[in-house]
Amino acid sequence: MKMQYCTHFYTGDGKGKTTAALGLALRFIGAGGPVLLLQFMKGAPSAELLPLATLGVDIKRLSIDYGLFPRTEDRAAIQKEHDAMLQSARTFQRNGGLLLLDECISAYNLQLLDCNLLESILQEKSCEIVCTGRNVPERLLPYADYITDMKVVRHPFTKGLGARRGIEF
């Protein structure tokens, strides 16, 4: 029996969007499925990368850390890398599996990727897809089968505690 694929959106202002996506990846790997993780807007080292690679997850991300708010002069370079990631997603999705598009919603909102290509990938539904990022635009909502809104209730950042290795990155 052929698997029916769904699309998940993990969104909101709370912590846990990427963490939830990676938890689903762990479950999918455990069931014997292939996973491709594309990390848009991210180039800084992060503690999850090595164990994921050890488990066989194919990971593509920005070649350098442009920061959370990229400079205007970096936009073309970022979009070029993001579009190359989307092309690899297009190739991957034809074989099924789990496609994690981490922070693709943010990249979409900032127009730092080919928005039409992302929409065509979401429309095809030939693999399980997870999209993360804040503020999902109305235009993307019809593609989602699952929408989870992570809401911040309390976060130590408001008390001045910075990001901690192994927890936030």
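Scroll up to find the structure.
The rules we used
- Residues numbered from 1 in each chain as written.
- Predicted model: local features only at pLDDT ≥ 70, side-chain atom pairs only at ≥ 80, totals over all residues.
- Heavy atoms only, no water.
- Pairing = 2+ DSSP bridges.
- Helix = DSSP H or I, 4+ residues; strand = E, 2+ residues; numbered from the N terminus.
- Axes fitted to C-alpha atoms, helices over the stretch in contact; angles between N-to-C directions.
- Buried < 20%, exposed > 50% of the residue type's maximum accessible area, 1.4 Å probe, protein only.
- Contact = heavy atoms within 4.5 Å.
- Polar contact = N/O pair within 3.5 Å; in protein donor to acceptor, adjacent residues only side chain to side chain.
- Salt bridge = Lys/Arg side-chain N within 4 Å of Asp/Glu carboxyl O.
- Core = buried A, V, L, I, M, F, W, Y, C linked by side-chain atoms within 4.5 Å.

A. Highlighting the sheet that holds strand β2 (residues 35–39). Ordered by their spatial adjacency, six strands build an open sheet running β3-β2-β4-β5-β1-β6, and the pairing between neighbours is parallel. Both outer strands of the open sheet, β3 (58–61) and β6 (146–149), are each paired with one neighbouring strand and no more. Mean inter-strand twist for the sheet, computed between neighbouring axes without regard to direction, equals 10°. Bridge count between β2 and β3: four bridges; the pairing is parallel. Pairing of Leu36 across the sheet is with Asp58, part of β3.

B. Seen up close, the environment of Thr132. Along the chain, Thr132 turns up in strand β5 (residues 128–132). Residue classification places Thr132 among the buried positions, given a relative accessible area of 1%. It is 6.0 Å that separates the C-alpha atoms of Thr132 and Lys17, two residues lying 115 residues apart in sequence. Leave out the neighbours within four places in its chain, and Thr132 touches Tyr10, Lys17, Thr18, Ala21, Leu101, Asp102, Glu103, Cys104, Ile105 and Ser106.

C. A look at the environment of Leu86. If you trace the backbone, Leu86 turns up in helix α3 (residues 75–93). Considered as a pair, Leu86 and Phe40 are 46 residues apart in the sequence and their alpha carbons are 9.7 Å apart. Not counting chain neighbours up to four residues away, the residues in contact with Leu86 comprise Phe40, Leu113, Asp114, Leu117, Leu118 and Ile121.

D. The arrangement of the side chain of Gln39 in detail. Structurally, Gln39 is set in strand β2. Note on Gln39: relative accessible area 0%, which makes it buried. In this structure the side chain of Gln39 is engaged in a polar contact, spanning 2.8 Å, whose partner is the side chain of Arg61. For Gln39, the contacting residues outside a window of four places in its chain are Thr18, Glu48, Leu49, Lys60, Arg61, Leu62, Met85 and Asp102.

E. Highlighting the pattern of salt bridges. Applying the stated criterion to the full structure yields eight salt bridges. The partner of Lys60 in a salt bridge is Asp58, with the nearest N and O atoms 3.5 Å apart. Here Lys60 falls in the partly exposed class, since its relative accessible area comes to 29%. Two residues, Arg71 and Glu73, come together in a salt bridge whose shortest N-O distance is 3.4 Å. Accessibility expressed as a relative area gives 58% for Glu73, which makes it exposed.

F. Examining the nonpolar core more closely. Ranked by size, the top nonpolar core spans 32 residues in total, and within it Phe40, Leu99, Leu101 and Leu122 carry the most contacts. Listed by contribution, the elements that provide at least two residues to this core are β2, α3, β4 (98–102), α4 (104–109), α5 (115–124) and β5. Residues in contact with Leu99, not counting those within four places in the same chain, are Leu36, Leu38, Ala89, Phe92, Ile121, Cys127, Glu128, Ile129 and Val130. Phe28, Leu37, Leu52 and Val130 belong to the second-largest nonpolar core, a separate cluster that totals 13 residues.

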